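Observations on the three-dimensional arrangement
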Amino acid sequence: MLQLQIITYSNVVGKKADEEVFVNLMEGIPTLPALEFVVEKQNRVMFAFADIETQKEAIYEMRCYLGQEEQANVDAFLGNMPAPILLMNLSCMEFCAQVLRTPNTEARELSKEEIRKVYLAYLICNEKLSSHQADGFKVDPDHPENMLLKVDMPLSEFKRHKDFKAAIYKATQLFRFCEKNGEYWAIVSQFLSDHGVNDWREYLMKLFELYFKSIGIKQQPLSTQITPFEEQYAIDLSQMANDNTLNIMWQKSRI
């Protein structure tokens, strides 16, 4: 039996980290580029969690951004683990939720050092997930296969009409394309104005916040009240009895 092994923060840094370390790592890093970076990596194994070759490639890519001691720890981990895992759907969700607690709307690309910190913060999410799974289980060292763990599945694909992470990534690529074309950018500018935002990054950030509110992931929103932006996508039940019901629902669904 091939046993998958999740690489975590403690494997790379040599010690465990708590939520405060995550916050310190992400301090000053623009939120949207960080989310886009992690989501792009995650999409590579969205439906191929146990694709070991792709997982190894992702670990080698991460290794390029790490310090010398951290690289040595990664090498030691890979030398001992034939089936290493870095990218996990649940860890990606955890990373997104944690980052959105203190959003940074600065619009710029990530530096090499910031990418290193994003990787380390993601590894903390891996550690949190793997430790929670192991809590309460006693494992026989001779029969580790008897330990029951949650299966990492892209559940959003089964429960909702589309996966929001992939949609957000594609949206960033579309907006960046439009920025380079004056005619397209004029359309985008009117779109942003219609939705009451100044920048496409702000628009996507608000969509992230709206999504995590809708699925009940706890965070610290900018306001506890329904914002004008969110109101655009809310349906007034008093209007549902009108003949125009289908048109109302269609208009509200266009995000």
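Quick look at the structure, then.

About the thresholds
- Residues numbered from 1 in each chain as written.
- Predicted model: local features only at pLDDT ≥ 70, side-chain atom pairs only at ≥ 80, totals over all residues.
- Heavy atoms only, no water.
- Core = buried A, V, L, I, M, F, W, Y, C linked by side-chain atoms within 4.5 Å.
- Buried < 20%, exposed > 50% of the residue type's maximum accessible area, 1.4 Å probe, protein only.
- Helix = DSSP H or I, 4+ residues; strand = E, 2+ residues; numbered from the N terminus.
- Patch = residues over 30% accessible without salt bridge, like charges linked within 9 Å, V, L, I, M, F, W, Y side chains within 5 Å.
- Areas by Shrake-Rupley, 256 points an atom, 1.4 Å probe, with all protein chains shown as cover.
- Salt bridge = Lys/Arg side-chain N within 4 Å of Asp/Glu carboxyl O.
- Axes fitted to C-alpha atoms, helices over the stretch in contact; angles between N-to-C directions.
- Parallel < 35°, antiparallel > 145°, perpendicular 65-115°, else oblique.
- Left-handed = near helix turned anticlockwise from the far one by under 90°.
- Contact = heavy atoms within 4.5 Å.
- Nonpolar A, V, L, I, M, F, W, Y, C, P; charged D, E, K, R; others polar.

Notes on the nonpolar core
By size, the foremost hydrophobic cluster in this structure holds 57 residues, and its most contacted members are Ile7, Met26, Met62, Leu86, Phe95, Val118 and Leu204. For this core, the leading source of residues is helix H7 (residues 112–134), giving 10 residues.

A few points about a nonpolar patch on the surface
Taken together, the side chains of Leu174, Phe177, Tyr184 and Ile187 make up a nonpolar region of the molecular surface, amounting to roughly 430 Å² of accessible area. Those elements giving two or more residues to the nonpolar patch turn out to be helix H9 (164–179) and helix H10 (182–194).

Some thoughts on the pattern of salt bridges
A full pass over the atoms with the stated rule returns 14 salt bridges. For Arg44, the salt bridge identified is with Glu57, shortest N-O distance 3.8 Å. Of the two residues, Arg44 sits in the loop between helix H3 (31–42) and helix H4 (52–63) while Glu57 sits in helix H4, which places them 13 residues apart along the sequence. A salt bridge links Glu179 to Arg201, with the nearest nitrogen and oxygen atoms 3.9 Å apart. Linking Glu179 in helix H9 with Arg201 in helix H11 (residues 200–214), this pair joins segments that are 22 residues apart in sequence. According to the relative accessible area criterion, Glu179 is partly exposed, its value standing at 37%. Of the residues examined, Arg201 reaches a relative accessible area of 16% and is grouped as buried.

Quick notes on the packing of H4 against helix H5 (residues 68–80)
Two elements in contact, H4 and H5, have axes separated by 10 Å at closest approach and are oriented at 160°. When the axis of H4 is compared with that of H5, the two are roughly antiparallel. Our pair here, H4 against H5, has a crossing hand that is left-handed. Residues Ile59, Tyr60, Met62 and Arg63 of H4 lie in contact with H5, whose contacting residues are Gln71, Val74, Asp75 and Leu78. Looking at the contact of H4 with H5 residue by residue, the classes come out as five nonpolar, one polar and two charged.

Details of the packing of H3 against helix H6 (residues 89–99)
Two elements in contact, H3 and H6, have axes whose closest approach is 10 Å; the angle formed by their N-to-C orientations is 175°. Put simply, H3 runs roughly antiparallel to H6. Counted together, Thr31, Ala34, Leu35, Val38, Val39 and Gln42 of H3 and Asn89, Cys92, Phe95, Cys96 and Val99 of H6 form the full contact between these two elements.

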